Amino acid sequence: MALLKISDLNAGYGKFHVLNGVSLEVEKGEIAVLLGPNGAGKSTLLNAIAGLATIFSGSIVVDGRDVTGKSPGEIQKAGVGYVMQSPNNFGTPNIFPELTVRENLIAAAAGVRPEEAEKALREVLELFPKLKELENRKGKFLSGGERQMLAISMGLMKRPKLLMLDEPTAGLAPKVASDVFSAIKSIRDMGITILLVEQNARKALEIGDRAFVMVTGRLRYSGPAKELDEEKLGRLIMGQ
Ligand SMILES: Nc1ncnc2c1ncn2[C@@H]1O[C@H](COP(=O)(O)OP(=O)(O)O)[C@@H](O)[C@H]1O
Ligand SMILES: [Mg+2]
């Protein structure tokens, strides 16, 4: 059974339509990459799944549970973690700049039973050992890479079934971006399904199992990541 199943989704903001008839499925345990030019609607799709956009019609089912039209809190409880693009369209950072790394992680575990939160904390510190050294540093003093690692860790604190990552390597040096891509693979290996929006198509297709290409609110490609390359992607984006 698909962990995420979206059927004929039309969504946007208020009365503004962005997504047109989007249908897709992501299987449990895979990395799905969502590619496409700026303004295509990639973040809007993630926002719609997270309960942050307006849904006009269609449905979103997570692990067999229909979450269409549910609140962000309910969708989080259904097992969806979301690491937003930073800066995003809502003008909010994806971490709390005034809180320390440790406080950010604790805040992200709100509502999680203490023993589960401790387990999640151990897991994220194993995934990103560097965060342990930075435990007492405020979010605003972290480098771009450290900040993304913290944001991803925060997304993991509620132990989601599906983790959505919106451009987690944007603006990072190649070495740091590589570390983030490796971490994403490790997260998949922990059994968490990933929906990844990326500008770095080559790297994303390398780690992806499945790929989607979105252009002006519609999917132009759904299929195995290995059957897509940068040249084919370019043609899809140009409408050829
Ligand atoms: N919070 C928002 N309110 C209104 N319109 C938005 C909002 N976020 C994005 N949009 C609009 O939705 C369209 C798709 O944007 P977006 O989903 O951010 O694209 P992408 O992530 O592919 O670059 C754009 O026209 C953008 O201006
Ligand atoms: Mg975006």
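Residues numbered from 1 in each chain as written. Chains lettered and ligands numbered in written order. Predicted model: local features only at pLDDT ≥ 70, side-chain atom pairs only at ≥ 80, totals over all residues. Heavy atoms only, no water.

> I keep staring at the overall build of the chain and nothing clicks. Help me out?
Looking only at helices and strands, one finds 9 helices and 10 strands in the chain. Against the globule reference of 18 Å for 240 residues, the chain gives a C-alpha radius of gyration of 17 Å, in line with a compact fold. For the chain, the spread of C-alpha atoms along the principal axes amounts to about 50 × 35 × 35 Å. Expressed as a percentage of its 240 residues, the buried residues of the chain come to 49%. Counting only contacts in the chain whose residues sit at least 6 apart along the sequence, the fraction spanning at least 24 positions is 67%. Of the roughly 11,200 Å² of accessible surface on the chain, a fraction of 51% belongs to carbon and sulfur atoms. Counting 31 positive and 28 negative side-chain charges, the chain places the centres of these two groups 2 Å from one another. (Helix = DSSP H or I, 4+ residues; strand = E, 2+ residues; numbered from the N terminus. Rg over C-alpha atoms; globule rule 2.2 N^0.38 Å. Buried < 20%, exposed > 50% of the residue type's maximum accessible area, 1.4 Å probe, protein only. Contact = heavy atoms within 4.5 Å. Areas by Shrake-Rupley, 256 points an atom, 1.4 Å probe, with all protein chains shown as cover. Lys, Arg positive; Asp, Glu negative; His and termini not counted. Charge placed at Lys NZ, Arg CZ, Asp CG, Glu CD.)

> What is the right way to read the site of ligand 1 from this model?
Taken together, the neighbourhood of ligand 1 is formed by 13 residues, with Gly39, Lys42, Ser43, Thr44 and Asn89 sitting nearest. Between ligand 1 and the protein, one listed contact pairs an oxygen atom with a side-chain N or O atom of lysine 42 at 2.8 Å. Listed by contribution, the elements that provide at least two residues to the shell around ligand 1 are strand E2 (16-27) and helix H1 (42-50). Ranked by residue count, the leading element in the shell around ligand 1 is H1, at 3 residues. Looking at the shell around ligand 1, its residues break down into 6 nonpolar, 6 polar and 1 charged. (Near = heavy atom within 4 Å. Polar contact = N/O pair within 3.5 Å; in protein donor to acceptor, adjacent residues only side chain to side chain. Nonpolar A, V, L, I, M, F, W, Y, C, P; charged D, E, K, R; others polar.)

> Is there a simple way to explain the coordination of the magnesium ion (ligand 2) in this structure?
Put simply, the ideal angle at a metal is 109.5 degrees for four donors in tetrahedral geometry and 90 or 180 degrees for six donors in octahedral geometry. Taken together, the protein ligands of the magnesium ion (ligand 2) are Ser43 (OG) and Gln85 (OE1), with distances of 2.0 to 2.4 Å. Of the two residues, serine 43 sits in helix H1 while glutamine 85 sits in the loop between strand E6 (80-83) and helix H3 (101-108), which places them 42 residues apart along the sequence. The exposure class assigned to serine 43 is buried, which follows from its relative accessible area of 12%. (Donors = N, O, S within 2.8 Å, 3.2 Å for Na, K, Ca; no water.)

> Can you walk me through the sheet that holds strand E1 (residues 2-13) in this structure?
Two modes of strand pairing occur in sheets, parallel and antiparallel, and in both the strands are linked by backbone hydrogen bonds. With respect to topology, 4 strands assemble into an open sheet ordered E2-E1-E4-E5, the strand pairing being antiparallel. Two strands in the sheet have a free side with no partner beyond their single neighbour: E2 and strand E5 (65-66). Examined bridge by bridge, strand E4 (residues 54-62) and E5 share 2 bridges and lie antiparallel to one another. If you follow valine 62 over to E5, its bridge partner there is arginine 65. Strands E1, E2 and E4 of the sheet are contacted by H1, whose axis makes an angle of about 110° with E1. (Pairing = 2+ DSSP bridges. Axes fitted to C-alpha atoms, helices over the stretch in contact; angles between N-to-C directions.)

> When you look at the pattern of salt bridges in this model, what are you seeing that I'm missing?
A side chain with one charge may pair with a side chain of the opposite charge, provided their charged atoms come close. Summed over the entire model, instances satisfying the criterion amount to 17 salt bridges. One salt bridge connects glutamate 25 with lysine 5, and the closest N-O pair in it is separated by 3.0 Å. With glutamate 25 in strand E2 and lysine 5 in strand E1, this residue pair connects regions lying 20 residues apart in the sequence. Lysine 5 sits in the partly exposed class, given a relative accessible area of 37%. Among the salt bridges present, the one from aspartate 179 reaches lysine 175, with a minimum N-O distance of 2.9 Å. (Salt bridge = Lys/Arg side-chain N within 4 Å of Asp/Glu carboxyl O.)

> Help me understand unusual backbone geometry, please; the structure alone is not making it clear to me.
Of all residues except glycine, most have a negative phi; of all peptide bonds, most are trans. Notably, arginine 159 is not glycine yet its phi reads approximately 50°, a positive angle. Residue placement: arginine 159 occurs in the loop between helix H6 (144-156) and strand E7 (162-166). You will see that glutamate 167, though not glycine, has its phi angle at about 50°, which is positive. In this fold, glutamate 167 is placed in the loop between E7 and helix H7 (174-189).

> Looking at this model, I keep getting lost on the side chain of asparagine 94. Mind explaining?
You can see asparagine 94 is positioned in the loop between E6 and H3. Ignoring any residue separated from it by four or fewer positions in sequence, one finds asparagine 94 in contact with Val83, Met84, Ser86, Gln148, Ala151 and Met154.

> Where do I start with the side chain of lysine 42 in this structure?
Mapped onto the elements of the fold, lysine 42 is located in helix H1. It is glutamate 167 that comes nearest to the buried, bridge-free lysine 42 among opposite-charge side chains, at 4.6 Å. One polar contact links the side chain of lysine 42 to the main-chain carbonyl oxygen of glycine 36, over a distance of 3.0 Å. Within the local environment of lysine 42, its side chain forms a polar contact with the backbone oxygen of proline 37, the two atoms lying 2.9 Å apart.

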